Amino acid sequence: MKLTTKAEGLSKKLAQHAKVIQQKSSTFTSDAVLLSADGTTLQLTSTDLTTYLVNAEPAEVTEAGRALVPFKFLKDIISALSGELMIEGDDKKLQISSGKAHYDLACYQMDTFPSIPEIKEGREYQFSLNEYSSAIDRVLPCVEHNEKRRLEFQGILLEQTKDYFRFVATDSRRLGYVQFDFKREPLRAIVPTKVFESFKPAGDVHCVITEDECLFSSGDTQIISLLIGAEFPNYNDIVPREWEYTVNVKKSELLDALRRVGAVVFGGTDVITLSFKEGRLTVQGTAQDQGNASDELGYEGEAGGLSVSFFGTKLLDGISSVGTENAELHMNSAVHPVVIKDQGKEDFLYLVMPHKQME
């Protein structure tokens, strides 16, 4: 193997593998990345036996070859370099050079790395880069990141009904979904969070879902993963069908108020109260034994003097995910779920439980 490439681009491609790479296993070398150089690309592959990530960086390859190298060592070396670098060697040892810097890197045995599974048939979907990226950004905050909690909450549900397709996530205290108008046969599949954290598309996204696996691909990047074998809850049961109050608030103004009050409560109690009265919304927060903060802005609609308390960071995530100039808030009481939507649209929903409901 002999090639030249750019350190900055290769460093970014390596970083995408961090969520897939695990520590050494007794059955295979899982803290490794497989380098495959050929033609005009350097391809990188990693796996933990449940997820396989493949991406590539442009390179000038003068001698094709493959090598299995320690991931962290390689990542730290490349991130310390800038500009053009050269990689050469064989499947036992590689040399990496850039300017006057030089590294020797011992390789793992190639036969310890498994083959990538093939997905030939399944339910297929196509998304533009903007559609996919926006959907994942809006629902990913709702995923449960505590590995000790329920397995089904540690991924994103891909749900197809006869009328729509949704990306759905929940941590039991909030729920988010983004909806697309696909009309197909019903389907439910839970995809692990690390798939969406690792997969960084640069163009249109092609998705294939089988009974046990999923594939996401875009250009020279693809990720294959086993699905989470658990039953996602019937989340529609917790979304209220009717609303006592609906208000519209300017997104930018509410975000600014939440951040100003959050300077006192974020990292502490994290409780923020929204109080609605006669077209004025008061945003309040208290830091126990230290102080309090408040801000005020206007709103449109009727809220009947309602006051609702939230975990501030969860409310901030919901308002940040709104895609229209105004955020549309639907409420019934201080203890019932509150739903946040794009104004006048139905393809996005963020449901958050009030703080009092959590006590």
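Here goes a summary of the coordinates provided. Just so it is clear, the structure is predicted and the values come from calculations on it, not from any experiment. Here the residue numbers are simple positions, counted from 1 along each chain's written sequence. Given that this is a predicted model, residues contribute local features only at a pLDDT of at least 70 and side-chain atom pairs are listed and counted only at 80 or more, while totals for whole chains, interfaces and linings are drawn from all residues. Hydrogens and water are ignored here; the side-chain numbers use all heavy atoms of the structure.

1. A few points about the environment of Gly176
Here's step 1: Helix and strand definitions follow DSSP, with helices as H or I runs of at least four residues and strands as E runs of at least two, each counted in order from the N terminus. On the secondary structure map, Gly176 appears in strand E13 (residues 174-180).
Here's step 2: Of the residues examined, Gly176 reaches a relative accessible area of 0% and is grouped as buried.
Here's step 3: Spatially, the C-alpha atoms of Gly176 and Ser46 are 30 Å apart, while their sequence positions differ by 130 residues.
Here's step 4: When checking whether two residues touch, look at their non-hydrogen atoms; a contact exists if any pair is within 4.5 Å. In contact with Gly176, other than residues within four places in its own chain, are Val139, Cys142, Phe167, Val168, Ala169, Leu349 and Tyr350. Per-residue accessibility, obtained with a 1.4 Å probe over protein chains only, is compared with the maximum for each type, and a residue is labelled buried under 20%, exposed over 50%, and partly exposed between these values.

2. Observations regarding the sheet that holds strand E22 (residues 300-302)
Here's step 1: Two strands pair if DSSP finds at least two bridges between them. The antiparallel open sheet is built from nine strands, whose spatial order is E14-E11-E12-E13-E26-E25-E24-E18-E22. Each of the sheet's edge strands pairs with one partner strand only, and the pair in question is strand E14 (187-192) and E22. Taken pair by pair, the neighbouring strands of this sheet meet at an average axis angle of 20°, ignoring direction.
Here's step 2: In terms of strand pairing, strand E24 (residues 326-331) meets strand E25 (residues 338-342) through four bridges, oriented antiparallel. Within E25, the position partnered with His330 by the bridge is Val339.
Here's step 3: Sheet contacts for helix H3 (residues 129-139): strand E11 (155-160), strand E12 (165-170), E13, E25 and strand E26 (348-352); angle to E13, the most-contacted strand, approximately 165°. For helices, the fitted line uses only the C-alpha atoms of the stretch in contact; every axis is such a line through C-alpha atoms, and the angle between N-to-C directions lies from 0 to 180 degrees.

3. Quick notes on the sheet that holds strand E9 (residues 101-106)
Here's step 1: The strand order across the open sheet formed by five strands is E5-E1-E7-E8-E9, and the pairing between neighbours is antiparallel. Here the strands that pair on one side only, and so sit at the sheet edges, are strand E5 (60-63) and E9. Ignoring which end each strand starts from, the neighbouring axes of this sheet average 20° apart.
Here's step 2: Two elements, strand E1 (residues 2-6) and E5, share three bridges in a ladder whose sense is antiparallel. Each residue of the ladder has a partner; that of Thr4, found in E5, is Glu60.

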